[in-house]
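Given next are the chains, with one letter for each unit.
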Amino acid sequence: MGAVSLSQLLLLYTGFALALLLVFLLLIARFYQRFSGERTYFRWFVAPALLFAAGVVRYASLDQIAGDALAEALMAGGGVAIIALCVYLHQLMTRNR
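Rules and cut-offs
Residues numbered from 1 in each chain as written. Predicted model: local features only at pLDDT ≥ 70, side-chain atom pairs only at ≥ 80, totals over all residues. Heavy atoms only, no water. Helix = DSSP H or I, 4+ residues; strand = E, 2+ residues; numbered from the N terminus. Polar contact = N/O pair within 3.5 Å; in protein donor to acceptor, adjacent residues only side chain to side chain. Contact = heavy atoms within 4.5 Å. Core = buried A, V, L, I, M, F, W, Y, C linked by side-chain atoms within 4.5 Å. Buried < 20%, exposed > 50% of the residue type's maximum accessible area, 1.4 Å probe, protein only. Expected span 1.5 Å × (residues − 1). Salt bridge = Lys/Arg side-chain N within 4 Å of Asp/Glu carboxyl O. Phe/Tyr/Trp six-rings, centres within 6.5 Å; stacked < 30°, edge-to-face > 60°. Axes fitted to C-alpha atoms, helices over the stretch in contact; angles between N-to-C directions. Left-handed = near helix turned anticlockwise from the far one by under 90°. Nonpolar A, V, L, I, M, F, W, Y, C, P; charged D, E, K, R; others polar.

Asker: Please provide a residue-by-residue account of the side chain of Asp68, values included.
Answerer: With respect to the helices and strands, Asp68 occurs in the loop between α2 (46–62) and α3 (69–94). Separated by 3.1 Å, the side chain of Asp68 and the backbone nitrogen of Ala71 make a polar contact. For Asp68, the residues in contact, after removing those within four places along its chain, are Arg58, Tyr59 and Leu62.

As structure tokens, this is what we get:
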């Protein structure tokens, strides 16, 4: 097995940091659902995490940072999904305040 290049290491490090942030958002949504009784769909936060993970793994396997259409589509899909979930959660938590 070959050595890990610097770009692969940075991609994996960034992927783990992003995963931690998504877990934190999932826990916030779960906490709000548990104590407010309103449905937050916190389990859907797993989908963007999987899309980002697939994009990071794809880039790391190709040993490049940009230029792959499939990896960019996976990352864009994850970004759109997390934006939609965060906007919904924000609206839910700040409604009537």
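Asker: Help me get a handle on unusual backbone geometry, residues and values and all.
Answerer: Even without a glycine there, the phi angle at Tyr41 is positive, about 55°. For Tyr41, the location among the structural elements is in the loop between α1 (6–36) and α2.

Asker: Quick rundown of the nonpolar core? Include the residues and the values.
Answerer: The biggest cluster of nonpolar side chains holds nine residues, and these are Leu22, Leu26, Ala29, Phe42, Phe45, Phe52, Ile82, Leu85 and Leu89. Of all the secondary-structure elements, those providing two or more residues to this core are α1 and α3. Once residues within four sequence positions are removed from consideration, Leu85 is found in contact with Trp44, Phe45 and Pro48.

Asker: Which residues make up α1, and what are the values?
Answerer: Under the 1.5 Å per step criterion, the end-to-end length of α1 is 45 Å for 31 residues, consistent within 8% with the ideal 45 Å. Those residues of α1 that sit buried are Ser7, Gln8, Leu11, Leu22, Leu26, Ala29 and Tyr32. In the core, the buried residues of α1 are packed alongside α2 and α3. Residue Gly37 follows α1 closely and has a positive phi angle near 85°.

Asker: Go over the pattern of salt bridges, please, and point to the residues and values.
Answerer: On inspection of all chains with the given rule, the structure shows two salt bridges. Arg95 is the salt-bridge partner of Glu38, the closest N and O atoms lying 2.4 Å from each other. In this pair, Glu38 sits in the loop between α1 and α2 while Arg95 sits in the segment after α3, placing the two residues 57 residues apart along the sequence.

Asker: Could you give me a rundown of the packing of aromatic side chains, with the residues and numbers involved?
Answerer: In total, this model carries three aromatic pairs according to the counting rule given. Among the aromatic residues, ring-to-ring pairing joins Tyr41, Trp44 and Tyr88 into one connected group.

Asker: Explain the packing of α1 against α3 to me, using residue names and the numbers behind them.
Answerer: For any two helices packed against each other, the geometry is given by the interaxial angle and the distance between the axes. Following both chains from N to C, one finds α1 and α3 inclined at 30°, their axes separated by 11 Å at the closest point. Of the two elements, α1 crosses α3, and the hand of that crossing is left-handed. Here Leu22, Leu25, Ile28, Ala29 and Tyr32 of α1 come into contact with α3, specifically with Ile82, Cys86, Leu89, Leu92 and Met93. The class makeup of the residues in the contact of α1 with α3 is ten nonpolar, no polar and no charged.

Asker: Explain α3 to me, using residue names and the numbers behind them.
Answerer: Given 3.6 residues per helical turn, the α-helix brings residues three or four places apart onto the same face. Between its terminal C-alpha atoms α3 stretches 37 Å, which fits the 38 Å expected from 26 residues at 1.5 Å a residue. Listing the buried residues of α3 in full gives Ala71, Gly78, Gly79, Ile82, Leu85, Leu89 and Leu92. One or two residues past the end of α3 sits Asn96, with phi positive at roughly 60°.

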